[in-house]
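Architecture at a glance
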Amino acid sequence: MIFVKSFDNKTLILNLNPNTTTFETLKLQIERDLGIPLSLQRIFLNPRRLIGDESTLIAELGVRSNSALALHLPLFGGMQAPVPPKPRLEFLNTKPPPNYVAGLGRGATGFTTRSDIGPARAAPDLPDRSATTIGGAAAPGGVGRGRGKGGAEEEEEEDGDEKGYDENQKFDEFEGNDVGLFASAEYDEDDKEADAVWEAIDKRMDSRRKDRREARLKQEIEKYRASNPKITEQFADLKRKLCTLSAQEWDSIPEIGDYSLRNKKRRFESFVPVPDTLLEKARQEQEHVTALDPRSRAAGGTETPWAQTPVTDLTAVGEGRGTVLSLKLDRLSDSVSGLTVVDPKGYLTDLKSMKITSDAEISDIKKARLLLKSVTQTNPKHPPGWIAAARLEEVAGKIQAARQLIHKGCEECPKNEDVWLEACRLASPDEAKAVISKGVKAIPNSVKLWMQAAKLEHDDVNKSRVLRKGLELIPDSVRLWKAVVELANEEDARLLLQRAVECCPLHVELWLALARLETYDNAKKVLNKAREKLSKEPAIWITAAKLEEANGNTAMVGKIIERGIRALQREGLEIDREVWMKEAEAAERAGSVATCQAIVRNTIGIGVEEEDRKRTWVADAEECKKRGSIETARAIYAHALTVFLTKKSIWLKAAQLEKSHGTRESLDALLRKAVTYRPQAEVLWLMGAKEKWLAGDVPAARAILQEAYAAIPNSEEIWLAAFKLEFENHEPERARMLLAKARERGGTERVWMKSAIVERELGNTGEERRLLGEGLKLFPSFFKLWLMLGQLEERLGDFEKAKEAYDSGLKHCPSCISLWLSLSHLEEKMNGLSKARAVLTMARKKNPQNPELWLAAVRAESRHGNKKEADILMAKALQECPTSGILWASSIEMVPRPQRKTKSLDALKKCDHDPHVIAAVAKLFWLDRKVDKARTWLNRAVTLAPDIGDFWALYYKFELQHGSEENQKDVLRRCVAAEPKHGEKWQVISKAVENSHLPSEAILKKAVVAIGKEESVAESIKG
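Since we're looking at a predicted model, the values are computed, not measured.

Our focus in this paragraph is the overall build of the chain. Looking only at helices and strands, the chain features 49 helices and five strands. Looking at the chain as a whole, 33% of its 1023 residues qualify as buried. Considering only contacts within the chain whose residues lie at least 6 apart along the sequence, 51% involve residues at least 24 apart.

Here it is in structure tokens:
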């Protein structure tokens, strides 16, 4: 972009690139925009006129982007040629015909305004009232609007045509150069007064915006001047320095030569092919000659003729450099063992210490050096300038120059501590103490300098001596007191703190530190004095409570905190609940549990609405639990339970906290208290009984369940819990009696199912069939009873009865997927694949979009070797259930190994957080030996679905193969804690009769063995 200032002070903006625009193109553009011929254009750039050929680029003439050019026109002597008169139109001089209306022929219609009342087709002799001036009468010779001019105005109209406007025409601010509506109105004193009022209003409004407008204009001018400084401003400091030049220096300034562009010749580089003679000569120079030259033999072989010496052999020079480098490296190696003797650490240190400075960096340093030199000379009392100049020299590697500069800075700015600190940093270790000594003499009240002086000392005694010297001059410096106390022993620290609190009585940390070092009685006195000096400091009250707790006075802790909060409120201090909760957590971390509990009791309810208390307190406890502040969370729950005695949710959360982080005794005490206030809460009774059972105290668990039954006599959950307790502890007779009583009292379908399970384990097939039959009469829609009846007949080998049981179950429960799958497996055993395929097809019609039925059909085809049919079914299944994780996981395993990565990516796009897909991806990483990634994905799978035992078995098998013993134990522990109940392989093992009482650990190991056998079979089939 280029700016051109014309002769009438107007600026023309040309969007041209100086590097591609010629001088002729620039002139043509100016002629096109301004209409000035090429021969009259005189273009100047910063008093120099631009002269060049037509093809010369304007960048070569010195024009850059955003340059401002000046356009001048020559002034020639003599008179200019007269302008020919404008031809006049004949019809303008004639009188219009009667009843003529302008524009009527082209369809224009007249209109009426207040200035010309009457019909649009006015008589030709009506006066034109629109031509009158304000306050004057209508001209008698005027004509109407749209009519021709009268003869008296011909000459004026002709002149107006030549000028392009009419001088006598009224100008209206609202309507422009037209006639106003009130042209004929009389301009009286009221109008004059109104105009004066409006003018005053305009001036008033303009004055209100004047300051803002002038400030904005000033800001724009400053911004423009900052971005486009004048040359005089850029060299102002250099001009001021000219006064210091002597006559000899002035005479020694060399005369500048002619550097104008017209004398600069363009340099052209030409490239020519290499001649064959040069290539032949280079080839000859690299040849190895085994015979002497005849002229050398003539000289006896002792002289080499000068003509035979090669002038330059660059290849040999390069080879020689490589040889020298190899020799240097060989010297660093051990000639005996061949091992290197280079110190790698020292070598890397040397590399780090090497400073590679480019030409650009050197140029930048020089520019910065000049600027900073100007700063320090023009304003020598400016400390940052000296510091920046010294650091620049330090960066440039001139440490001595940096020291000299900062020394001058210390002389110029002796009262600035930053300059002295920089001088101490740059000084050598031997001179640093002397420099800091001068600094503290110049600024004896500078804490930073005294601290730096103490750092320069090497032993604690000298450091303490320096700090005490500083305290003599600055007794109210808290930093110096803290530093000297840290260096002293306990007794000296106590004495120093006694003096410190006298000098700095308003600093709470010194009071608290002194109280910690004093005895119990003296500490109380110190805290009382501190409370007098700092009546609005909560830390003093909290420290007093900690002091009482540390000395066994737990009863006083709550009173002190309560008294302190009241005292702070009297002083007008607002009690911030969040701050006090943080103090409670800090007290817990310090080991002051009673203080923590007291703070929670007295501050947890401040600023909380009554209806929000439960939600807020539970949220606070959970946050504290996440941060590891268990005692604070326990105190919050304890206080909440005093307010909400009958809220089961709070009791449960408190019990979970005790179960996770407390002891069995504390959990038992909490649950005992909970069932006292909430005897109708089944879950609290069951939790207490389970904890006793897990602790091995079966009689206590029985007692708790008996109490629960007395409190809730018709609770089925308590009946089933009592049954499970007896059943798991190998007391089948007790379990049978409990279930019999439950059936007599009208138990639900779960009671009948548990009764059948007991008989199945005891081997009473007839009793089991009877119980299942009676249960199905009472609860025909409970699918588990039909499933157990069919499995019973399958175990006994009576497949027809089993089929009847499944068919009957499906009549009552047509949406039960387990019954459909069991029937399909039975049909596959009895009648082959075709019948099973028909059953699964019927199941899919009655239960559309069910991934388990599709997966069963795919697996049935795969078991019989119908891979193509299985792939077709899988494709249809994924179309119908595109977000099913089990289908995608099975699809990944079905495709060939090279395609599994692509298939896994598709699966992750469809269902990113599905544990089955994540486990399938983990298997891929496992097969590729990417152990860390496989472990991460397996851990993610068990975290998303801890209730599925198959994932735990897969994870444990992986750790057995690739993990350490610690990782194996960790997976085993986490699996036992999760207590998984589901999973295809897990349920087959856990629900077997022989495994009914096995713990989760044993089932996990059996599941690992089953997975290994399945993989072996799959590999043998592929092989």
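Structure shown, so let's carry the discussion forward.
Take the pairing of strand S2 (residues 11-14) next. Where burial is concerned, the two faces of S2 differ: the one with Leu 12 and Leu 14 is buried and the one with Thr 11 and Ile 13 is not. One ladder, built from four bridges, connects strand S1 (residues 2-5) with S2; its direction is antiparallel. Bridge pairing in S2 places Phe 3 opposite Ile 13. Counting the residues between successive antiparallel strands, the hairpin from S1 to S2 contains five residues, one of them, Asn 9, with a positive phi of roughly 65°.

Side chains of Arg 204, Arg 208, Arg 209, Arg 212 and Arg 216 sit close together on the surface and give a patch of like positive charge. The residue Arg 212 is located in helix H3 (residues 189-227) in this model. For Arg 212, a relative accessible area of 60% translates into the label exposed.

This part takes up helix H20 (residues 508-517). Most of H20 sits inside the fold, with seven of its ten residues counted as buried. Within the span of H20, buried status applies to Val 508, Leu 510, Trp 511, Leu 512, Ala 513, Leu 514 and Ala 515. Against the buried residues of H20 lie helix H18 (478-487), helix H19 (490-503), helix H21 (520-533) and helix H22 (538-550).

To continue, consider the packing of helix H23 (residues 554-570) against helix H25 (residues 593-603). Axis separation between H23 and H25 bottoms out at 9 Å; the angle between their running directions is 40°. Classified by the angle their axes make, H23 and H25 are oblique. Here H23 and H25 pass one another in a crossing that is right-handed. From H23, Thr 554, Val 557, Gly 558, Ile 561, Glu 562 and Ile 565 reach across to H25, where they touch Ala 594, Thr 595, Ala 598, Ile 599, Arg 601, Asn 602 and Thr 603. Split into classes, the residues belonging to the contact of H23 with H25 amount to six nonpolar, five polar and two charged.

The next subject is the environment of Leu 371. Tracing the sequence through the fold places Leu 371 in helix H11 (residues 359-378). Looking at Leu 371, the relative accessible area reads 61%, which means it is exposed. Through-space distance from the C-alpha of Leu 371 to that of Ala 389 is 9.1 Å; in sequence the pair is 18 residues apart.

A few words on a negative patch on the surface. Residues Glu 186, Asp 188, Glu 189, Asp 190, Asp 191, Glu 193 and Asp 195 make up a contiguous surface patch of negative charge. Locating Asp 188 in the fold gives a position in the loop between helix H2 (154-163) and H3. Classification of Asp 188 by relative accessible area gives partly exposed; the value is 34%.

The subject of this paragraph is the sheet that holds strand S4 (residues 48-49). What the five strands build is an open sheet, ordered S2-S1-S5-S3-S4; its pairing is mixed. The open sheet has two free edges, formed respectively by S2 and S4, since each of these has just one partner strand. In this sheet, S4 lies alongside strand S3 (residues 42-45) in antiparallel orientation, the contact comprising two bridges. Bridge assignment links Phe 44 to a residue of S4, and that residue is Arg 49. Taken strand by strand, helix H1 (residues 23-34) contacts S1, S2, S3 and strand S5 (68-72), and its axis lies near 125° from that of S2.

Note that side chains of opposite charge can pair when their charged atoms are close. All told, the structure shown has 40 salt bridges when counted by the stated rule. A salt bridge links Glu 578 to Arg 577; the nearest nitrogen and oxygen atoms lie 3.2 Å apart. Looking at Glu 578, the relative accessible area reads 44%, which means it is partly exposed. The buried category is assigned to Arg 577, whose relative accessible area is 9%. With its nearest N and O atoms 3.6 Å apart, the salt bridge here joins Glu 1001 to Lys 1005. Taken as a pair, Glu 1001 and Lys 1005 lie in helix H49 (residues 1000-1022) at a separation of four residues, close to a single helical turn.

Moving on to the pairing of S1. Across the two faces of S1 the burial differs, with Ile 2 and Val 4 buried and Phe 3 and Lys 5 not buried at all. Here S1 pairs with S5 via three bridges, running parallel. By the bridge assignment, Phe 3 is partnered in S5 with Ala 68.

Counting 124 residues, the largest nonpolar core has Leu 480, Trp 481 and Ile 636 as its most contacted members. With 82 residues, the next largest nonpolar core counts Leu 819, Leu 853, Val 971 and Ile 1011 among its residues.

The next subject is the packing of helix H32 (residues 716-728) against helix H33 (residues 732-744). When two helices pack together, their arrangement is captured by the angle between the axes and the distance separating the axes. As a packed pair, H32 and H33 sit with axes 8 Å apart at the nearest point and diverge in direction by 165°. Relative to H33, H32 is oriented roughly antiparallel. The two elements H32 and H33 cross, and the hand of that crossing is left-handed. Contacts between H32 and H33 involve Trp 719, Ala 722, Phe 723, Glu 726 and Phe 727 from the first element and Arg 734, Ala 735, Leu 738, Leu 739, Lys 741 and Ala 742 from the second. Here the residues of the contact of H32 with H33 sort into eight nonpolar, no polar and three charged.

Before going further, it helps to spend a moment on helix H42 (residues 885-894). Judged by how many residues are buried, H42 sits mostly within the fold: eight of ten residues are covered. Looking at H42, one finds that the buried residues are Gly 885, Ile 886, Leu 887, Trp 888, Ala 889, Ser 890, Ser 891 and Ile 892.

Moving on, we get to the state of the cysteines. A covalent bond between the sulfur atoms of two cysteines is what we call a disulfide. Per the counting criterion, the structure on display carries zero disulfides. Cys 624 carries a free sulfur, and the closest cysteine sulfur to it, the one in Cys 596, is 8.1 Å from it. You can call Cys 624 buried: its relative accessible area is 2%.

Along the chain, the position of Glu 393 falls in helix H12 (residues 383-395). A distance of 2.7 Å separates polar atoms of two side chains, one belonging to Glu 393 and the other to Arg 369. If sequence neighbours within four positions are ignored, Glu 393 has contacts with Arg 369, Lys 398, Ile 399, Ala 401, Ala 402 and Leu 405.

Next up on the list: the packing of aromatic side chains. In this structure the tally under the stated criterion is five aromatic pairs. Ring centres of Trp 617 and Phe 644 lie 6.1 Å apart, and the angle between their planes is 65°; this geometry places the pair in the edge-to-face category. With Trp 617 in helix H26 (residues 613-626) and Phe 644 in the loop between helix H27 (630-643) and helix H28 (648-661), this residue pair connects regions lying 27 residues apart in the sequence. You can call Phe 644 buried: its relative accessible area is 14%. Between Phe 925 and Trp 937, the aromatic rings sit 5.9 Å apart at their centres with planes inclined by 50°, giving tilted as the arrangement. One end of the pair, Phe 925, is in helix H44 (residues 915-927); the other, Trp 937, is in helix H45 (residues 931-944), and twelve residues separate them in sequence. With a relative accessible area of 17%, Phe 925 lands in the buried category. Here Trp 937 falls in the buried class, since its relative accessible area comes to 18%. The side chain of Arg 844 reaches across the aromatic face of Trp 854, ending 4.4 Å from its centre. Directly above the aromatic system of Trp 937 lies the positively charged group of Arg 940, at a separation of 5.2 Å from the ring centroid.

A separate point is the side chain of Glu 959. By secondary structure assignment, the location of Glu 959 is in helix H46 (residues 949-962). Residue Glu 959 is classed as buried on the basis of its relative accessible area, which comes to 1%.

This part is about the confidence of the model for the chain. Taken as a whole, the chain shows an average pLDDT of 77; of its residues, 81% reach a score of 70 or greater. Here residues 332-354 is a poorly scored stretch, pLDDT under 50, and it has eight contacts once near neighbours within four places are set aside; other chains count.

So, on to the environment of Phe 3. Positionally, Phe 3 belongs in strand S1. The class for Phe 3 is partly exposed, based on a relative accessible area of 25%. As a C-alpha pair, Phe 3 and Ser 65 span 62 residues in sequence and 9.2 Å in three-dimensional space. If sequence neighbours within four positions are ignored, Phe 3 has contacts with Thr 11, Leu 12, Ile 13, Asn 66, Ser 67, Ala 68 and Leu 69.

Definitions and limits used
Residues numbered from 1 in each chain as written. Predicted model: local features only at pLDDT ≥ 70, side-chain atom pairs only at ≥ 80, totals over all residues. Heavy atoms only, no water. Helix = DSSP H or I, 4+ residues; strand = E, 2+ residues; numbered from the N terminus. Buried < 20%, exposed > 50% of the residue type's maximum accessible area, 1.4 Å probe, protein only. Contact = heavy atoms within 4.5 Å. Pairing = 2+ DSSP bridges. Patch = residues over 30% accessible without salt bridge, like charges linked within 9 Å, V, L, I, M, F, W, Y side chains within 5 Å. Areas by Shrake-Rupley, 256 points an atom, 1.4 Å probe, with all protein chains shown as cover. Salt bridge = Lys/Arg side-chain N within 4 Å of Asp/Glu carboxyl O. Lys, Arg positive; Asp, Glu negative; His and termini not counted. Charge placed at Lys NZ, Arg CZ, Asp CG, Glu CD. Axes fitted to C-alpha atoms, helices over the stretch in contact; angles between N-to-C directions. Parallel < 35°, antiparallel > 145°, perpendicular 65-115°, else oblique. Left-handed = near helix turned anticlockwise from the far one by under 90°. Nonpolar A, V, L, I, M, F, W, Y, C, P; charged D, E, K, R; others polar. Core = buried A, V, L, I, M, F, W, Y, C linked by side-chain atoms within 4.5 Å. Disulfide = S-S within 2.5 Å. Polar contact = N/O pair within 3.5 Å; in protein donor to acceptor, adjacent residues only side chain to side chain. Phe/Tyr/Trp six-rings, centres within 6.5 Å; stacked < 30°, edge-to-face > 60°. Lys NZ or Arg CZ within 6 Å of the ring centre and 35° of its normal. pLDDT = per-residue confidence, 0-100.

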